[in-house]
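# Descriptive analysis of the structure
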Amino acid sequence: MARMLEIFDVRPDPVVPSRYFGDSDGGARRVVDGSQILGQSIVAAGKALPGHTVRNAHALFVSAADPDIPLDFIVTPIKAGRSFASATVTARQELKVRTSCTVLLDTPQPDLVRRDAPTGPPVSGPDEALPAESLPLPGREVRITGCTDIDDPGETGPPVVDAWLRYDDVPSRDDLHRAVLAHFTGHLGISTALRPHPGLGTAQAHHTLSTAPMGIAVTFHDPVKWDGWLRYHHEATFVGAGSAYIRGQISTGSGRLIASFTQDAMIRAFEPGPVTDIPGAARL
């Protein structure tokens with residue numbers, strides 16, 4: 001987790017304003033998680049527009065990024081007013097565009113009214129949830145409600161998944177809070193979409209199934225502070241035509257909603273041919 005925080009904290013170019021550099025961690029795969037680039041884009045936008053806080057970020061992952069090649073972020077402000085600001089953040093590798101992110105920023109204001117409870121029925125807490133062995137990251141614990149193995153094609157249920165997360169150390173900086181929250185929004189959406197369908201699961205991803213998040217939008221509801229457990233609620237409202245749509249909410253263990261997100265995902269079968277000759281770790 002300490003390494004992930006270093007990755008999120010993109011480095012400014014000492015010569016070119018609004019340009020930042022970042023590394024990646026592909027784990028066992030040769031493809032960078034789109035949600036990692038989303039988190040880095042959030043930090044880059046906050047650094048390029050000081051005095052403003054990222055409220056919403058929407059990224060499209062149209063081209064796979066190689067974890068062995070550094071990422072080059074360019075922040076282009078669209079407007080920077082006293083209250084609101086907006087910008088585009090383009091992530092490149094060797095002059096090739098990998099991801100484009102649109103960011104809305106503002107300056108937090110006092111409450112006029114407040115309603116920040118997550119919608120939907122209550123769920124059991126983390127003590128009743130089961131460890132997610134397939135989502136390892138030293139410094140982070142993940143438990144999933146009512147599911148032994150979220151990747152198993154034989155384990156079915158409704159298109160709803162609630163995951164509980166806890167980090168050993170929570171960063172002190174607000175922009176890193178937002179990057180950490182955004183990072184996990186890409187991890188369980190496709191599993192949620194496949195859950196009702198017997199014989200299909202994310203254990204088959206990159207082997208017989210071609211899957212990937214194609215776009216993630218996250219909106220932060222200030223203040224994005226927490227202590228202890230976080231709940232990520234996922235609901236897949238549509239699956240078909242080779243795609244899926246997932247919406248979600250992030251709330252604290254005490255039940256305060258701090259962010260909402262959506263994901264557009266690709267779910268397709270591999271056709272026999274050259275694609276299946278590519279090593280599984282490099283496939284989408």
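Note that this is a predicted model, so its numbers are computed, not measured. (Residues numbered from 1 in each chain as written. Predicted model: local features only at pLDDT ≥ 70, side-chain atom pairs only at ≥ 80, totals over all residues. Heavy atoms only, no water.)

## Re the side chain of threonine 185
With respect to the element layout, threonine 185 can be found in the loop between helix 3 (174-183) and helix 4 (189-194). Relative accessible area serves as the criterion here: at 0%, threonine 185 is assigned to the buried category. Beyond its immediate stretch of four places on either side in the chain, threonine 185 contacts Ser35, Leu38, Ile216, Tyr232, Ile250, Phe261 and Gln263. (Helix = DSSP H or I, 4+ residues; strand = E, 2+ residues; numbered from the N terminus. Buried < 20%, exposed > 50% of the residue type's maximum accessible area, 1.4 Å probe, protein only. Contact = heavy atoms within 4.5 Å.)

## With respect to the domain arrangement of the protein
Under the domain assignment used here, the protein contains domain 1 (1-108) and domain 2 (125-270). Computed from C-alpha coordinates alone, the two centres of domain 1 and domain 2 are separated by 21 Å. Domain 1 puts 24 residues into the contact, and the matching count from domain 2 is 28 residues. Taken together, the two surfaces of domain 1 and domain 2 that pack against each other cover about 2100 Å², and 61% of this comes from carbon and sulfur. A per-residue breakdown of the area domain 1 buries against domain 2 is headed by Met1, Arg55 and Phe61, which together make up 28% of the total. Scanning the region where domain 1 abuts domain 2 turns up two salt bridges. Linking arginine 173 and aspartate 9 is a salt bridge whose minimum nitrogen-to-oxygen distance equals 3.0 Å. Listing elements by their share of the side of domain 1 that touches domain 2, those giving two or more residues are helix 1 (2-8), helix 2 (34-48) and strand 3 (53-60). In terms of residue class, the side of domain 1 that touches domain 2 is built from 13 nonpolar, six polar and five charged. (Domains from an automatic or database assignment. Buried area = accessible area lost by both parts, 1.4 Å probe. Salt bridge = Lys/Arg side-chain N within 4 Å of Asp/Glu carboxyl O. Nonpolar A, V, L, I, M, F, W, Y, C, P; charged D, E, K, R; others polar.)

## Quick look at the pairing of strand 4 (residues 71-80)
In terms of strand pairing, strand 2 (residues 19-22) meets strand 4 through four bridges, oriented antiparallel. Residue pairing across strands places phenylalanine 21 opposite aspartate 72, the latter belonging to strand 4. Relative to strand 5 (residues 84-93), strand 4 runs antiparallel, the two being bridged by eight bridges. Bridge pairing links proline 77 to alanine 87 in strand 5. (Pairing = 2+ DSSP bridges.)

## Some remarks on the environment of leucine 188
Its location among the elements puts leucine 188 in the loop between helix 3 and helix 4. For leucine 188, a relative accessible area of 1% corresponds to the buried category. Taking the C-alpha atoms as reference points, leucine 188 and threonine 99, separated by 89 residues in sequence, lie 20 Å from one another. Leucine 188 has contacts with Leu135, Ile144, Ile150, Val161, Ala163 and His234, leaving out every residue within four places of it along the chain.

## Here we look at the pattern of salt bridges
Applying the stated criterion across every chain, the model contains 20 salt bridges. With a closest N to O distance of 3.2 Å, aspartate 116 and arginine 114 form a salt bridge. A relative accessible area of 42% means that arginine 114 is categorised as partly exposed. In the salt-bridge network here, residues are joined through shared partners; they are Arg55, Asp106, Asp174, Arg178 and Asp222.

## Examining the nonpolar core
Leu38, Leu181, Phe220, Leu230 and Tyr232 are the most contacted members of the largest nonpolar core, which totals 60 residues. Of the residues forming this core, the biggest block, seven residues, is contributed by helix 2. When residues are assigned to domains, this core turns out to be shared by domain 1 (1-108) and domain 2 (125-270), each giving three or more. Excluding its chain neighbours within four sequence positions, the residues that come into contact with leucine 181 are Phe220, Val224, Trp226, Leu230, Tyr232, Ile250 and Ile258. In this structure, Leu194, Ala244, Ala265 and Ile267 belong to the second largest nonpolar core, which totals nine residues. (Core = buried A, V, L, I, M, F, W, Y, C linked by side-chain atoms within 4.5 Å.)

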